[in-house]
Amino acid sequence: MSIALTILLYPGLAFTLALALAFAWLAEGRLATGWARGAAPWRTIDGAAAAASLLLSGLTLALLPWPLHPAAGWPWVGSPIALWAALEGAFLLPALVGLLAPSTLAARAAVREAQMSLAGRFVCWLALGAGLWGVAGWTLLELPGRLLLGLAALAALPAAIGVGPFGAERGLSAAGAEEGLDEATTGLVRFARSARGGALLAALAVASLPPTGGSIRPALALAVALALFALTALLLRRAGALLPRLTLPAALRWCWWRALPIAVVGLVYLAIV
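Residues numbered from 1 in each chain as written. Predicted model: local features only at pLDDT ≥ 70, side-chain atom pairs only at ≥ 80, totals over all residues. Heavy atoms only, no water.

Attention shifts here to helix H9 (residues 248–272). The terminal C-alpha atoms of H9 lie 35 Å apart, and with 25 residues this matches the ideal 36 Å at 1.5 Å per residue to within 8%. Taken residue by residue, H9 has Ala251, Leu252, Cys255, Ala259, Leu260, Ala263, Gly266 and Leu270 as its buried positions. Lining the buried residues of H9 we find helix H5 (104–133) and helix H6 (143–161). (Helix = DSSP H or I, 4+ residues; strand = E, 2+ residues; numbered from the N terminus. Expected span 1.5 Å × (residues − 1). Buried < 20%, exposed > 50% of the residue type's maximum accessible area, 1.4 Å probe, protein only. Contact = heavy atoms within 4.5 Å.)

To continue, consider the packing of aromatic side chains. A complete count under the given rule lists 5 aromatic pairs for this structure. Consider the rings of Phe15 and Trp66, whose centres lie 5.2 Å apart with planes at 85°: the pair is edge-to-face. In this pair, Phe15 sits in helix H2 (residues 13–28) while Trp66 sits in the loop between helix H3 (45–63) and helix H4 (80–99), placing the two residues 51 residues apart along the sequence. Like Phe15, the residue Trp66 is buried in the burial classification. (Phe/Tyr/Trp six-rings, centres within 6.5 Å; stacked < 30°, edge-to-face > 60°.)

Summarising the element assignment, Trp254 is placed in helix H9. Along the chain, Trp254 and Ala49 lie 205 residues apart, while their C-alpha atoms are 29 Å from each other. Discounting residues that sit within four places of it in the chain, Trp254 has contacts with Ala155, Phe166 and Ala259.

If the charged atoms of two oppositely charged side chains come close together, the side chains can form a pair. Evaluated as defined, the whole model comprises 3 salt bridges. Taking the shortest distance from any N to any O, the salt bridge between Glu88 and Arg121 comes out at 2.9 Å. Of the two residues, Glu88 sits in helix H4 while Arg121 sits in helix H5, which places them 33 residues apart along the sequence. In this structure, Glu88 and Arg121 share a single accessibility class: buried. Three or more residues joined by partner-sharing salt bridges are found here, namely Glu113, Arg193 and Arg196. (Salt bridge = Lys/Arg side-chain N within 4 Å of Asp/Glu carboxyl O.)

This brings us to unusual backbone geometry. What you tend to see is this: most non-glycine residues have negative phi, and most peptide bonds are trans. Across the junction of Tyr10 and Pro11, the peptide omega takes the value -5°, indicating a cis bond. With respect to the element layout, Pro11 can be found in the loop between helix H1 (2–8) and H2.

Mapped onto the fold, Leu201 is located in helix H7 (residues 183–207). By relative accessible area, Leu201 is classed as buried at 3%. Taking C-alpha positions, Leu201 is 21 Å from Ala110, a pair spaced 91 residues apart along the chain. Ignoring anything within four residues of it in the chain, the contact list for Leu201 reads Phe23, Leu157, Phe229, Thr232 and Ala233.

Now for the packing of H5 against H6. Two numbers describe how H5 lies on H6: the axes approach to 8 Å, and their chain directions differ by 155°. One finds that H5 runs roughly antiparallel with respect to H6. In this structure, the crossing between H5 and H6 has a hand that is left-handed. Every residue of H6 that contacts H5 at Met116, Ser117, Gly120, Arg121, Val123, Cys124, Leu126, Ala127, Ala130 and Gly131 is listed here: Arg146, Leu149, Ala152, Ala153, Ala156, Leu157, Ala159 and Ala160. Per-class residue counts for the contact of H5 with H6 are 13 nonpolar, 3 polar and 2 charged. (Axes fitted to C-alpha atoms, helices over the stretch in contact; angles between N-to-C directions. Parallel < 35°, antiparallel > 145°, perpendicular 65-115°, else oblique. Left-handed = near helix turned anticlockwise from the far one by under 90°. Nonpolar A, V, L, I, M, F, W, Y, C, P; charged D, E, K, R; others polar.)

On to the packing of H3 against H7. At their nearest, the axes of H3 and H7 sit 9 Å apart, and the two run at 20° to each other. For the element pair H3 / H7, the angle class is roughly parallel. Taken as a pair, H3 and H7 cross one another with a handedness that is left-handed. Contact residues: Asp46, Gly47, Ala50, Ala51, Ser53, Leu54, Ser57 and Leu61 in H3; Thr185, Leu188, Val189, Phe191, Ala192, Ala195, Arg196, Ala199 and Ala202 in H7. Tallied by class, residues from the contact of H3 with H7 come to 11 nonpolar, 4 polar and 2 charged.

So, on to the nonpolar core. Counting 55 residues, the largest nonpolar core has Phe23, Leu61, Trp66, Leu128, Leu157, Ile161 and Leu200 as its most contacted members. Of all elements in the fold, only H2, H3, H4, H5, H6, H7, helix H8 (218–242) and H9 reach the threshold of two or more residues within this core. Ranked by residues supplied to this core, first place goes to H7 with 9 residues. Residues in contact with Ile161, not counting those within four places in the same chain, are Phe23, Phe91, Arg193, Gly197, Leu200 and Leu236. If you look at the next biggest cluster of nonpolar residues, it comprises 7 residues, including Met116, Ala119, Leu252 and Cys255. (Core = buried A, V, L, I, M, F, W, Y, C linked by side-chain atoms within 4.5 Å.)

Below you can see the structure in the form of structure tokens.
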């Protein structure tokens, strides 16, 4: 019963839908609900990939060690391999479909998005690994290393989820990677993008929490995680309004030569101390 509750409600699919709507509203200034009024958009290849990505995003949240997790004793909760497979599947499956799009403009936009997202997620995984499975604690001496990893993840997150300066290039096509899709399918594809972006942001928020129990109560930890989620989403929206759209080479340089070195320094520091 607790596993079914985990997958369907909290922190599973229902929680994923709520976070996706919140992320779309806070980070992008829109409510991604148009797909719900369409005629079964998941029957197309792009729609089916988006629906699968949405389900994998829900599985990602269900596998995270959330405070007050109803199935905390389930062996898969917090499993590095399961969590990595679910989250990467949520990103890679629609990317693969996009790369095979019949429209040249859509395929070009998908290639750009896939490269930036991969570079950004690589940095984010370093922060997730250290936060969820690292041996570093929360002493004052270890705090600088954790702050560096958090800063690196914050710098790489917009590229990983394709928002702000790393959003779709719409100079050649206003539809971006959704060129050629009908309205309902486009809505579902964009909603799935918000869902996996929200899942990655939520994972980083959970990885930023100190252990519950002696240092912080589970209810307070959950409130802190949700506050971090909302605050970061608002920062992403602000960055998107202030910063210009980056070209693909500039975006990759940002991830590999700015965000990644900060993460490496943080990891080395934590390994030394």
